[in-house]
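# Report on the structure
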Amino acid sequence: LLFMNLWYLLFVETRYSEAMGAVNLALAENPNRIAFLDAKAEIYSFMNNEREALRVNTEIAAENPEDFDRLFNIAFSYRNLEELQRALQFAQDATRVSGDHPAATAALAEIHAAMGNTREALRLLKEVETKRNAGYAISHDWNARVEAQLGDTGAAIKSLRTAYEKREGWSFLYSMRN
């Protein structure tokens, strides 16, 4: 438990190398703990080492190929590596196993936007909004990601401001030090 708390505190402080050290210590004690492997993949991603993040997530997925989080993370590793067809495939798989979770729908929208499929990206973004209005918790920062990808900077900034004001998603971290 100490390592889980320590790595996360270091991670939030953007001290990624130190966070990786804490995760590696935890893995030395318990090499099969998925939470530590997941943390390692997350840190790699934030350190812009998507190939390693992809490798670790793929290793975890081998144990449970129907794991939503893993499929989702693999999709975004491929997205960040600009391997968009592979990203789309894993995002579709994540949507299927999640039972149509709104974050999976938002991920599909972002990938379609990156692929230049504007109509499909906007259709999916509207679906996310419908789910949000029905009570699903889905941060407006997802809207911002899609809007930015589509080149609508004004809408993206407005969505980020909404996410921040509502303390949605990761935007709450930005105010922790203040």
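What you see is a predicted model, and the numbers here were worked out from it, not measured in a lab.

## Quick look at the overall build of the chain
Counting its regular elements, the chain contains ten helices and zero strands. The C-alpha atoms of the chain give a radius of gyration of 17 Å, which matches the 16 Å a tight globule of 178 residues would have. Summarising its shape, the C-alpha atoms of the chain cover approximately 50 × 40 × 30 Å along the three principal directions. Across the 178 residues in the chain, those meeting the buried criterion constitute 44%. Considering only contacts within the chain whose residues lie at least 6 apart along the sequence, 46% involve residues at least 24 apart. For the chain, the exposed surface amounts to about 10,000 Å²; the carbon and sulfur share of it is 52%.

## Comments concerning the packing of aromatic side chains
Taken as a whole and assessed by the stated rule, the structure comprises eleven aromatic pairs. For the ring pair Trp7 and Tyr8, a centre distance of 5.7 Å and an interplane angle of 85° mean the geometry is edge-to-face. Note on Trp7: relative accessible area 8%, which makes it buried. Through pairs of rings, three or more aromatic residues link up here, namely Trp7, Tyr8, Phe11, Tyr16 and Phe46. When the ring centre of Phe36 is taken as origin, the NZ or CZ atom of Arg33, which lies over that ring, is 5.0 Å away. Directly above the ring of Tyr164 sits Arg167, whose terminal nitrogen or CZ lies 4.7 Å from the centroid.

## Some thoughts on the packing of helix α9 (residues 141–149) against helix α10 (residues 153–165)
Between α9 and α10, the shortest axis-to-axis distance is 8 Å and the interhelical angle comes to 165°. The orientation of α9 relative to α10 falls into the category roughly antiparallel. Relative to α10, the crossing made by α9 is left-handed. Note on element contacts: α10 touches α9 through Ala155, Ala156, Ser159, Leu160 and Ala163, opposite Asp141, Asn143, Ala144, Glu147 and Ala148.

How each quantity is defined
Residues numbered from 1 in each chain as written. Predicted model: local features only at pLDDT ≥ 70, side-chain atom pairs only at ≥ 80, totals over all residues. Heavy atoms only, no water. Helix = DSSP H or I, 4+ residues; strand = E, 2+ residues; numbered from the N terminus. Rg over C-alpha atoms; globule rule 2.2 N^0.38 Å. Buried < 20%, exposed > 50% of the residue type's maximum accessible area, 1.4 Å probe, protein only. Contact = heavy atoms within 4.5 Å. Areas by Shrake-Rupley, 256 points an atom, 1.4 Å probe, with all protein chains shown as cover. Phe/Tyr/Trp six-rings, centres within 6.5 Å; stacked < 30°, edge-to-face > 60°. Lys NZ or Arg CZ within 6 Å of the ring centre and 35° of its normal. Axes fitted to C-alpha atoms, helices over the stretch in contact; angles between N-to-C directions. Parallel < 35°, antiparallel > 145°, perpendicular 65-115°, else oblique. Left-handed = near helix turned anticlockwise from the far one by under 90°.

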